[in-house]
Amino acid sequence: MKNITKGERNILRSGYYDIIQVTDNYIEIKSKNTKHYWILSKPMPFIDNKPIIIYHKHSKYISYYHKHGFAYNIYQAVNLIKSHDSYVLSGMGKYNKA
């Protein structure tokens, strides 16, 4: 099984996120900017040759995550989350500062 590596965890400890939970094949984080929650999952076998599935929810009060997209690596996943945060904080996102 493809595990979340120590290096990948360190990238997510940059101060931009709160780390909620880490398991062998996923990490749950919260954006400090929007308070949105994310799961970066490494399922096996890979789906569409993309090793990371990105799940998202807008608040801790929502019990389920929805699939937000895929990434080839942790850097691409981080960039997708930051882009989403920028969109929400711009006021164009429906769930501004959820």
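See the structure above.
Structure report, in brief. Please read all numbers here as calculations on a predicted model, not as lab measurements.

Concerning the overall build of the protein
What the protein contains, in helices and strands, is two helices and five strands. Scanning the protein from its N terminus toward the C terminus, one meets helices and strands in the order α-β-β-β-β-β-α. Across the 98 residues in the protein, those meeting the buried criterion constitute 38%. Taking the intrachain contacts of the protein between residues at least 6 apart in sequence as the baseline, contacts between residues at least 24 apart amount to 29%. Per element, the accessible surface of the protein, about 5,800 Å² overall, is 50% carbon and sulfur.

What to know about the pattern of salt bridges
This model, assessed by the stated rule, comprises two salt bridges. A salt bridge links Glu8 to Lys42; the shortest N-O distance between them is 2.8 Å. Here Glu8 is found in helix 1 (residues 6-12), whereas its partner Lys42 is found in the loop between strand 3 (37-41) and strand 4 (52-57), with 34 residues between them in sequence. Note on accessibility: Glu8 and Lys42 belong to one class, buried.

Rules and cut-offs
- Residues numbered from 1 in each chain as written.
- Predicted model: local features only at pLDDT ≥ 70, side-chain atom pairs only at ≥ 80, totals over all residues.
- Heavy atoms only, no water.
- Helix = DSSP H or I, 4+ residues; strand = E, 2+ residues; numbered from the N terminus.
- Buried < 20%, exposed > 50% of the residue type's maximum accessible area, 1.4 Å probe, protein only.
- Contact = heavy atoms within 4.5 Å.
- Areas by Shrake-Rupley, 256 points an atom, 1.4 Å probe, with all protein chains shown as cover.
- Salt bridge = Lys/Arg side-chain N within 4 Å of Asp/Glu carboxyl O.

Without other data, these values stay purely geometric and don't point to any function.
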